[in-house]
Amino acid sequence: MNYSLIGDLGQTANSLDTVHHLIASADPVIVHVGDLSYADGYQPRWDTYANMVQPLASLVPWMTVEGNHEIEAGLSVPFLAYTTRYHMTAGETMTPGETMPPGKTTLTSTDPNPSKPSSLYYSFVHGAATWLMLGSYVDYASSSNQYKWLQQQLAAIDRSVTPWVFVGLHAPWYNSNHVHQGEGEGMRKSMESLLYGAGVDAVFSGHVHAYERCERVYNFKVNQCGPTYINIGDGGNREGLAEPWMKPQPDWSAFRESSYGHGTLSVVNTTHAHWSWYRNQDQDTKVSDAVWIVKPSPSACSNTIDIVA
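The structure displayed is predicted, hence computed values, not measured ones. (Residues numbered from 1 in each chain as written. Predicted model: local features only at pLDDT ≥ 70, side-chain atom pairs only at ≥ 80, totals over all residues. Heavy atoms only, no water.)

Caption draft 1: Inspection of the packing of helix α1 (residues 13-25) against helix α2 (residues 44-57) at higher detail. Where α1 contacts α2, the axes come no closer than 10 Å and their chain directions differ by 10 degrees. In terms of axis orientation, α1 runs roughly parallel to α2. Contacts from Ser-15, Leu-16, Val-19, Leu-22 and Ile-23 in α1 reach Met-52, Val-53 and Leu-56 in α2. Looking at the contact of α1 with α2 residue by residue, the class counts come to 7 nonpolar, 1 polar and no charged. (Axes fitted to C-alpha atoms, helices over the stretch in contact; angles between N-to-C directions. Helix = DSSP H or I, 4+ residues; strand = E, 2+ residues; numbered from the N terminus. Parallel < 35°, antiparallel > 145°, perpendicular 65-115°, else oblique. Contact = heavy atoms within 4.5 Å. Nonpolar A, V, L, I, M, F, W, Y, C, P; charged D, E, K, R; others polar.)

Caption draft 2: A look at unusual backbone geometry. Glu-243 connects to Pro-244 through a cis peptide bond whose omega is 5 degrees. On the secondary structure map, Pro-244 appears in the loop between β10 (228-232) and β11 (253-257). In this structure, Pro-248 follows Lys-247 across a cis peptide bond, with omega equal to -5 degrees. Its location among the elements puts Pro-248 in the loop between β10 and β11.

Caption draft 3: The state of the cysteines, seen in detail. Inspection of the entire model under this criterion finds 1 disulfide. Disulfide pairing is shown between Cys-225 and Cys-301; the S-S distance is 2.1 Å. Because the sign of the S-S torsion sets the handedness, a value of about -90 degrees for the bond joining Cys-225 and Cys-301 places this disulfide among the left-handed ones. Pair noted here: Cys-225 is in the loop between β9 (221-222) and β10 and Cys-301 is in the segment after β14 (284-294), with a separation of 76 residues, a long-range link. (Disulfide = S-S within 2.5 Å.)

Caption draft 4: Highlighting a nonpolar patch on the surface. A contiguous nonpolar patch, built from Leu-75, Val-77 and Leu-80 and spanning about 240 Å² of accessible area, is present on the exposed surface. As for its placement among the helices and strands, Leu-80 is situated in helix α3 (residues 80-85). (Patch = residues over 30% accessible without salt bridge, like charges linked within 9 Å, V, L, I, M, F, W, Y side chains within 5 Å. Areas by Shrake-Rupley, 256 points an atom, 1.4 Å probe, with all protein chains shown as cover. Salt bridge = Lys/Arg side-chain N within 4 Å of Asp/Glu carboxyl O.)

Caption draft 5: Spotlight on the nonpolar core. Judged by nonpolar contacts, the single largest core of 69 residues is most densely connected at Trp-131, Phe-204, Leu-265 and Trp-275. When residues of this core are assigned to their parent elements, the largest contribution, 5 residues, is made by α2. Other than its neighbours up to four places away in sequence, Phe-204 contacts Leu-5, Val-33, Trp-131, Phe-166, Val-167, Gly-168, Leu-169, Ile-230, Leu-265 and Trp-275. (Core = buried A, V, L, I, M, F, W, Y, C linked by side-chain atoms within 4.5 Å. Buried < 20%, exposed > 50% of the residue type's maximum accessible area, 1.4 Å probe, protein only.)

Caption draft 6: Looking closely at the environment of Arg-216. Here Arg-216 is to be found in strand β8 (residues 211-218). For Arg-216, a relative accessible area of 13% gives the class buried. When neighbours within four sequence positions are excluded, Arg-216 is seen to be in contact with Asp-201, Lys-221, Val-222, Asn-223, Gln-224, Gly-226, Pro-227, Thr-228, Ile-293, Val-294, Lys-295 and Pro-296. Polar contacts involving the side chain of Arg-216 include one to the main-chain carbonyl oxygen of Val-294, which spans 3.1 Å. (Polar contact = N/O pair within 3.5 Å; in protein donor to acceptor, adjacent residues only side chain to side chain.)

Caption draft 7: Geometry of the packing of helix α4 (residues 145-156) against helix α5 (residues 185-197). Viewed as axis vectors pointing N to C, α4 and α5 meet at an angle of 15 degrees, and their least axial separation amounts to 10 Å. In terms of orientation, α4 and α5 fall into the roughly parallel class. As α4 packs across α5, the resulting crossing turns out to be right-handed. Contacts from Gln-146, Tyr-147, Leu-150, Gln-151 and Leu-154 in α4 reach Met-187, Ser-190, Met-191, Leu-194 and Leu-195 in α5. Among the residues forming the contact of α4 with α5, the class breakdown is 7 nonpolar, 3 polar and no charged. (Left-handed = near helix turned anticlockwise from the far one by under 90°.)

Caption draft 8: Spatial organisation of the pattern of salt bridges. In this structure the tally under the stated criterion is 7 salt bridges. With its nearest N and O atoms 2.7 Å apart, the salt bridge here joins Glu-185 to Arg-188. Here Arg-188 and Glu-185 lie together in helix α5, a separation of 3 residues that amounts to about one turn. Residue Arg-188 is classed as buried on the basis of its relative accessible area, which comes to 6%. Salt-bridge contacts for Asp-201 lead to Lys-295; the nearest nitrogen and oxygen are separated by 2.7 Å. Residue Asp-201 is located in the loop between α5 and β7 (202-205), and its partner Lys-295 is located in the segment after β14; the two are separated by 94 residues in the primary sequence.

So, to be careful, I would describe these as geometric facts and stop short of saying anything about function.
Okay, structure coming up:
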């Protein structure tokens, strides 16, 4: 069960390199953690972006969540262009063990509340994994709909069916780059304890135009029971790479590099998944970082919290 993960793709020469490498990876699902076309309100860019990704997006599910470059300032519906094009709660339901029907490129949300008014956060099931896609630019306070929805989702997961739980969002909660420093802190303070208490396995984000893999961490301390945090905002974009990095490197930051690329996640069994990050270099795909994500023993992580509202 494999996934390709990207963030902040845009439509530059570097973006095109990333798309070509995604095609070569041939993973059956792509997870895109925000900042797609970089239209920034200029609608024709959505068309040129669609043309760029069409060779792959027409064949495999391309699961997205909104980033800041999907915001259209001045409109009463700030994500109108994005939500019009990306109906992330529409399509066919994928249950564990199913494969996507030919020609289908979206999955139905597994939300128990079908009347949820926003498509800017949703969940889907693929094989042995539940994915929760969260909105960095949607209200995430403890009184918000998104927060209550996340509580319900985490409480409803059956780990005997989907032992793996992954989260995608745009603005990273852990970031040792000076660029966009602290922009995800409000959301982290609000929601991190929910993810930790539910034993979420990994959190993928973008926004910072670089790659960084963190240790398992909770509240800025290395913690074997916390999720692995990975920033992959290095898809291509038009703004350049993010630098400089904070010095010294925090102990929760395991690997970081300002290069373009993408990642792949392979779920091997109920306890082991493998992560690889591929750097775009000289038109070739270079493996620059790799790690096994191994579930801690239940006895080592019994200090979970009550996530039920």
